[in-house]
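Secondary and tertiary structure notes
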Amino acid sequence: MTRDGAVTSLVTQHAAAKINLALHVTGRRSDGYHLLETLVVFTEAGDTLTIEPAASHSLVLSGPFSDKLSQHEDNLVSRARDRLRSALAADGRSAPPVAIHLDKHLPIASGIGGGSADAAAALRALQAMWHAEDIDLRALARDLGADVPMCLSRQPQLASGIGEQTKAIEGFPALDLVLVNPGVHVSTPAVFAALSRKDNPPLPSVSGLSTPSSVIHYLRETRNDLQPAAIELAPEIEQALDALEASGGLFARMSGSGATCFGLYADPHQAARAAAQIAEHAPHWYVKATRSFATEKSR
């Protein structure tokens, strides 16, 4: 609602999957949080949020992974709504009730930022719904989780600190990917606890990455420092990586703390064929051919 009482009737937002193309653990803070450097892209694969005015606040879930989420106030989407409501109330402005529909297509707790992306999408949608363009969403996002600020934008970016410090990467290309999750849950705290080393070298410079081939060459010089520990906890991750490589993937790696893995392919047709091949071999896995978003050109 604006100061003159106008209300936007319906807002839809895409919550894109977040892929950690590379993730280096570079240290640990005194409060126990690990310091990271990670190269992140976002994909066309994702969840969808639809928000419209209502008589009272509500959250309804649908989609293949909706049964694994809470519809109550501890849901990250509800918390995002309430943070923005509080920010508006502090400025003496109202935030009329809304009905939120989350269509959940990304696996839960799978290393591709589904919950963080949903929260960020909720903030963007509600900012438009309530005409709160003057509210700093990044400040609200930081309170919701370290990954939420980076999910406010779908730009390729370099994230550091505990993930909350982000910088867009100029000229980064779109990539054709296949996402594979073998259907296992990996505890992020358990993965970090199992790390053999927590003071690894930082990422190389990301300058000059303008073609898919240059990205693949770069990634071969990088790591996901969480991958070996995650495989120890869930050997199925290695099976997913093997499947991506066997299907013609030019490069394969685990995203985040797992268990979702990604493969990079030469074009969308090869990615689609690979996804079909893997899905036929492992019909109970999450398998999705998709494309990442390139850096948006400045106008």
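Each remark here, short or long, concerns the structure printed above.
Being a predicted model, the structure only gives us computed values, none of them experimental. (Residues numbered from 1 in each chain as written. Predicted model: local features only at pLDDT ≥ 70, side-chain atom pairs only at ≥ 80, totals over all residues. Heavy atoms only, no water.)

**Details of the overall build of the protein chain**
We count it as follows: Strands here are runs of E lasting at least two residues and helices are runs of H or I lasting at least four, both read from the DSSP assignment and numbered beginning at the N terminus. Both definitions apply: the radius of gyration is a C-alpha atom measure, and the globule rule equals 2.2 Å times residues to the power 0.38. Only protein chains enter the accessibility calculation, which uses a 1.4 Å probe. A residue is then buried if its area is under 20% of the maximum for its type, exposed if over 50%, and partly exposed in between. The contact definition used throughout considers only heavy atoms, calling two residues in contact when any of these lie within 4.5 Å. Here the Shrake-Rupley method, with its probe set to 1.4 Å, supplies the accessible areas, and only the displayed protein chains count as covering residues.
Regarding its fold elements, the protein chain presents nine helices and 10 strands. Relative to a compact globule of 299 residues, whose C-alpha radius of gyration would be 19 Å, the protein chain shows 19 Å and is just as compact. The dimensions of the protein chain, computed from C-alpha atoms along their principal axes, are 60 × 45 × 40 Å. When the 299 residues of the protein chain are sorted by exposure, 52% land in the buried category. Contacts in the protein chain between residues far apart in sequence, at least 24 positions, make up 76% of those at least 6 positions apart. As displayed, the protein chain has an accessible area near 13300 Å², and 50% of this comes from carbon and sulfur atoms.

**Some remarks on the packing of helix α2 (residues 114–129) against helix α3 (residues 137–144)**
Put simply, the rule is: All axes are obtained by fitting lines to C-alpha atoms, using only the stretch in contact for helices, and the reported angles, taken between N-to-C directions, cover 0 to 180 degrees. Here the word oblique covers every angle except those under 35 degrees (roughly parallel), over 145 (roughly antiparallel) and from 65 to 115 (roughly perpendicular). In this scheme, a crossing is called left-handed if the near helix is turned counterclockwise away from the far one by less than a right angle; it is called right-handed if the turn is clockwise. Amino acids outside the nonpolar list (Ala, Val, Leu, Ile, Met, Phe, Trp, Tyr, Cys, Pro) and the charged list (Asp, Glu, Lys, Arg) are all regarded as polar, and Gly is one of them.
One can describe the packing of α2 onto α3 by two numbers: an axis separation of 10 Å at closest approach and a directional angle of 150°. One element, α2, and the other, α3, form an angle in the roughly antiparallel class. At the point where α2 passes α3, the crossing takes the right-handed sense. For the pair α2 and α3, contact is made by Ala 119, Leu 123, Arg 124 and Gln 127 and by Leu 137, Leu 140, Ala 141 and Leu 144, respectively. Of the residues contributing to the contact of α2 with α3, the split by class is six nonpolar, one polar and one charged.

**Quick word on the nonpolar core**
Defined as follows: By nonpolar core is meant a set of buried Ala, Val, Leu, Ile, Met, Phe, Trp, Tyr and Cys residues that side-chain atoms within 4.5 Å join together.
Counting 40 residues, the largest nonpolar core has Leu 49, Leu 84, Leu 123 and Trp 130 as its most contacted members. It is α2 that contributes the most residues to this core, nine residues altogether. Discounting chain neighbours no more than four positions away, the residues touching Leu 123 are Ala 80, Leu 84, Leu 137, Leu 140, Ala 141, Leu 144 and Leu 152. Core analysis: the second largest hydrophobic core is formed by 32 residues, Val 180, Val 191, Trp 285 and Val 287 among them.

**Here we look at helix α9 (residues 268–281)**
As a reminder of what qualifies: Here a helix's expected span is defined as the number of its residues, less one, multiplied by 1.5 Å. Under this definition, polar contacts are N or O atom pairs within 3.5 Å; protein pairs additionally need one hydrogen-donor-capable and one acceptor-capable atom, and for neighbouring residues in sequence, both atoms have to be side-chain atoms.
The end-to-end C-alpha separation of α9 is 20 Å, in line with the 20 Å expected for 14 residues at 1.5 Å each. Among the structural elements, β7 (176–181), α8 (236–246), β9 (261–265) and β10 (286–291) are those in contact with the buried residues of α9. By the N-cap criterion, in which a side-chain oxygen at the helix start approaches the backbone nitrogen of a residue two or three places on, α9 is capped by Asp 267, the distance to His 269 being 3.0 Å.

**Digging into the environment of Ser 116**
On the secondary structure map, Ser 116 appears in helix α2. A residue is classified by how much of its surface remains accessible, and Ser 116, at 15% relative accessible area, is buried. Separated by 13 residues in sequence, Ser 116 and Asp 103 have C-alpha atoms that sit 15 Å apart. Setting aside residues no more than four positions away along its own chain, Ser 116 makes contact with Leu 76, Asp 147, Val 148 and Cys 151.

**What about the sheet that holds β9?**
The test is simple: In this description, strands pair whenever DSSP reports at least two bridges between them.
Spatially, four strands are ordered β8-β9-β7-β10 in an open sheet, and the strand pairing comes out antiparallel. Both edges of this open sheet fall to β8 (251–254) and β10, since each of them pairs with a single strand only. The sheet shows a mean angle of 20° between the axes of neighbouring strands, direction not considered. Bridge analysis of β7 against β9 gives five bridges, and the strand direction is antiparallel. Considered in β9, the bridge of Leu 177 is made with Leu 264.

**Thoughts on the packing of helix α1 (residues 76–90) against α2**
Direction vectors running N to C along α1 and α2 enclose 35°, while the axes themselves pass 8 Å from each other. The hand of the α1/α2 crossing is right-handed. Where α1 approaches α2, its residues Leu 76, Val 77, Ala 80, Arg 81 and Leu 84 are matched on the opposing element by Gly 115, Ser 116, Asp 118, Ala 119, Ala 122, Leu 123, Leu 126 and Gln 127. By residue class, the composition of the contact of α1 with α2 is eight nonpolar, three polar and two charged.

**Things to note about the pairing of strand β5 (residues 157–161)**
Residues Gln 157, Ala 159 and Gly 161 line the buried face of β5, whereas the alternating positions Leu 158 and Ser 160 sit on a face that is not buried. As paired strands, strand β2 (residues 34–53) and β5 are joined by five bridges and run antiparallel to one another. From the neighbouring strand, Leu 39 faces β5, where its bridge partner is Leu 158. Of the pairings in the sheet, the one linking β5 to strand β6 (residues 165–168) comprises four bridges and is antiparallel in character. Paired with Ser 160 across the bridge in β6 is Gln 165. Hairpin connection between β5 and β6: a loop of three residues separates the two successive antiparallel strands, and Gly 163 in this loop has a positive phi of roughly 115°.

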